Amino acid sequence: MSAEPTTRARGAANREKILAIRAELPAIHGCLYLNNGTNGPLPQRSHDALIAAATEELHEGRIGATTWARGVANADAARAKFAALLGCGTDEIALTHNTTEGMNIALAGLPWERGDEVITATTEHPGGLYPLYLLKHRHGVRLRMTEIGLVDLDPVEELGKVLTARTKAVVLSHVSWATGMILPLRELADLAHSVGALLICDAAQGSGMVPAPVYDLGVDAYACSGQKWLCGPDGTGALFVRRDRLAEISQSYIGYAGVQGGRSSHEGYYIPPPAASRYEAATLYPPSVVGLNASLDWLADDIGWEWIYARIAELGRYCYDALAAIPGVTMVSPRDPRTGLTHFSLAGIAPADLTARLAEQQIVIRHTPHPNANRVSTGFYNTEDEIDQLAEAIAVIAKNI
Ligand SMILES: Cc1ncc(COP(=O)(O)O)c(C=O)c1O
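Here the structure is a predicted model, which means the values were calculated and not measured. Counting starts from 1 at the beginning of each chain's written sequence and moves along it residue by residue. Residues qualify for local features only when their pLDDT is at least 70, as the model is predicted, and side-chain atom pairs are given and counted only at 80 or more; totals for whole chains, interfaces and linings, by contrast, use all residues.

Now for the overall build of the chain. Along its length, the chain carries twelve helices and 13 strands. As a reference, a globule follows 2.2 Å times the number of residues to the power 0.38, and the radius of gyration itself is taken over C-alpha atoms. Rg of the C-alpha trace for the chain: 22 Å, near the compact-globule value of 21 Å for 401 residues, within the 12% margin. Seen through its C-alpha atoms, the chain measures out along the principal axes to roughly 75 × 55 × 35 Å. Three exposure classes are used, based on other C-beta atoms lying within 10 Å of a residue's own C-beta, which is placed from the backbone: buried for 20 or more, exposed for 12 or fewer, and partly exposed in between. Across the 401 residues that make up the chain, the buried fraction comes to 47%. Strands here mean DSSP runs of E at least two residues long; helices mean DSSP runs of H or I at least four residues long; both are numbered from the N terminus.

Here we come to the nonpolar core. With 108 residues, the main nonpolar core has Ala221 and Leu239 as its most contacted residues. With eight residues, the single largest contributor to this core is helix 10 (residues 305-324). Segmentation of the chain into domains, including their bounds, is taken from an automatic or database domain assignment. Each of domain 1 (11-44 + 304-399) and domain 2 (52-300) contributes no fewer than three residues to this core. Apart from residues no more than four positions distant in its own chain, Leu239 is found in contact with Ala94, Thr96, Gly102, Ile105, Ala106, Ala221, Ala223, Ala276 and Tyr279. To define a nonpolar core, we join buried Ala, Val, Leu, Ile, Met, Phe, Trp, Tyr and Cys residues through C-beta atoms within 7 Å and take the resulting set. In this description, any two residues whose backbone-derived C-beta atoms lie within 7 Å of each other are considered to be in contact.

Let us now look at the sheet that holds strand 5 (residues 167-173). If you walk across this open sheet you meet the seven strands as 2-8-7-6-5-3-4, and the pairing is mixed. In this open sheet, the two strands that pair with only one neighbour each are strand 2 (93-96) and strand 4 (142-146). Neighbouring strand axes in the sheet, compared pairwise and without regard to direction, differ in orientation by 20° on average. DSSP calls a pair of strands paired once it identifies at least 2 bridges connecting them. Pairing of strand 3 (residues 117-121) with strand 4, which is carried by five bridges, proceeds in the parallel orientation. The partner of Thr120 across the bridge, within strand 4, is Met145. Between N-to-C directions, angles cover 0 to 180 degrees, with each direction set by a line fitted to C-alpha atoms, over the stretch in contact for helices.

Glancing now at helix 5 (residues 126-139). Any helix carries an expected span of 1.5 Å times its number of residues minus one. Counted at 1.5 Å a residue, the expected span for helix 5 with its 14 residues is 20 Å, and the 19 Å between its end C-alpha atoms agrees. Within helix 5, the full set of buried residues consists of Gly127, Gly128, Pro131, Leu132 and Leu135. Down the axis of helix 5, the sector holding all buried residues measures 135°, keeping them to one side. For helix 5, exposure combined with an orientation more than 90 degrees from the buried face picks out Pro126, Tyr133 and His137. For helix 5, the elements touching its buried residues are helix 4 (99-108), strand 3, strand 4, strand 5 and strand 6 (198-202). Remark: Gly140 follows helix 5 within two positions and exhibits a positive phi of approximately 70°. Each direction from the helix axis to a C-beta atom contributes to the arc, which is the arc of those directions.

The subject of this paragraph is the environment of Ile397. Tracing the backbone through its elements, the reader meets Ile397 in helix 12 (residues 384-399). Taking the C-alpha atoms as reference points, Ile397 and Tyr279, 118 residues apart in sequence, are found 49 Å from one another. Ignoring any residue separated from it by four or fewer positions in sequence, one finds Ile397 in contact with Ile349, Leu354 and Arg357.

Quick look at the packing of helix 10 against helix 12 now. Helix 12 packs onto helix 10 with a crossing angle of 25° between their chain directions and a minimal axis gap of 10 Å. The angle between helix 10 and helix 12 falls in the class roughly parallel. Between helix 10 and helix 12 lies a crossing whose hand is right-handed. In this structure, helix 10 contributes Leu315, Tyr318, Cys319, Ala322 and Leu323 to the contact, and helix 12 contributes Glu384, Ile387, Asp388 and Ala391. Its residues placed into classes, the contact of helix 10 with helix 12 shows seven nonpolar, no polar and two charged. Note on terminology: angles under 35 degrees are roughly parallel, angles over 145 are roughly antiparallel, angles of 65 to 115 are roughly perpendicular, and the others are oblique. For any helix crossing, the convention is left-handed if the near helix is rotated counterclockwise from the far helix by under a right angle, and right-handed if that rotation is clockwise. Three classes are used: nonpolar for Ala, Val, Leu, Ile, Met, Phe, Trp, Tyr, Cys and Pro, charged for Asp, Glu, Lys and Arg, and polar for all others, with Gly counted as polar.

Before going further, it helps to examine the sheet that holds strand 10 (residues 341-346). Spatially, four strands are ordered 9-10-13-12 in an open sheet, and the strand pairing comes out antiparallel. A single partner strand is all that each edge strand has here, and the edge strands are strand 9 (329-331) and strand 12 (366-368). On average, adjacent strands in this sheet sit at an angle of 40° to one another, irrespective of strand direction. Note: strand 10 against strand 13 (residues 373-377), four bridges, orientation antiparallel. Bridged to Thr342 within strand 13 is Val376.

Once that is clear, we can look at unusual backbone geometry. Of all residues except glycine, most have a negative phi; of all peptide bonds, most are trans. Going from His370 to Pro371, the amide bond is cis rather than trans, its omega being 0°. In this structure, Pro371 sits in the loop between strand 12 and strand 13. Even without a glycine there, the phi angle at Cys231 is positive, about 55°. Examined against the element boundaries, Cys231 turns out to sit in the loop between strand 7 (221-225) and strand 8 (237-241). Given 29 C-beta atoms within a 10 Å radius, Cys231 is considered buried.

Here is the structure:
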């Protein structure tokens, strides 16, 4: 299926740019790909860089005079690129394998006691929720469930209803994977901090989709995926931990990077490095870091973050309007979408069945469990024409129900 980008939104320069972007993304040409929230497409250059690094390992071996130093430099570069993206210090970034790992690190590291409370929401993803289940079973932590993330509720008001002096952490997403709502993190963080709780944020849907200046957002920890909005390889991600929270969030795992200078006394005394890299116990597959860096460079330097954020917001609005106009469609996302996630349902057909019906036409969307709805996820590389094609396909299905 070919999709010719239109310039409805922003003129010929935009069209050229979108064509160049699309030429870098082989995975979006064999189908109508509208599921960036699950996985972003891997750019050709990132794949090439990853393969070149893997080939070098194959022929030169995985350890040699320069290999170790090169791996360290690549990891340092990746931390620096995440720090630039999030507006924080490089020393506040730990490289991880995904968002779920980051959430586990931040949550397992707090000094839990029986009866402590943690506030979260039924709309949260298992990547943030399941680590909390572990805390409940291991430490007797009390889970306070809210419905934050549903569009007819004010998140700050809902948090205020359940916050207590026993609340140790508030665990919420930047952008809800269930409704596409952007949560007002600054206000939520201020409220959490007013009782001494930390805001641990699941940013799988967030980093790379919307601006994420972590200090302005007020978050204490912010867990990112490399493989979604950052178009990196699988098995990449990062965790931001605010500098002044390092002491509060203990290491649950420890490896070379967890001990300052890589050495400890044989009595077991050690000093962790004054940086979030202390949480990195399992090193990333080195070629994946090379691929990730290539993706981050492409996004930041060749395309530009401002352009990306504006384009995602623009397509989100376009998508909302296109879907809302179809008879039988009920919108689940907020009315003023500024995100790449647009949720809806179609009367007379279960979301899973609609996903399957569209997949038969090589149109890739997904459905989410709570609220049970379909989700269209538009990346910066999508076009208005593609959204029109989707809307047309849904309208035809709607007519024939
Ligand atoms: C909100 C949210 N959190 C966490 C995850 C899991 O991400 P990862 O595979 O990077 O752990 C997802 C994936 O879809 C998600 O949407």
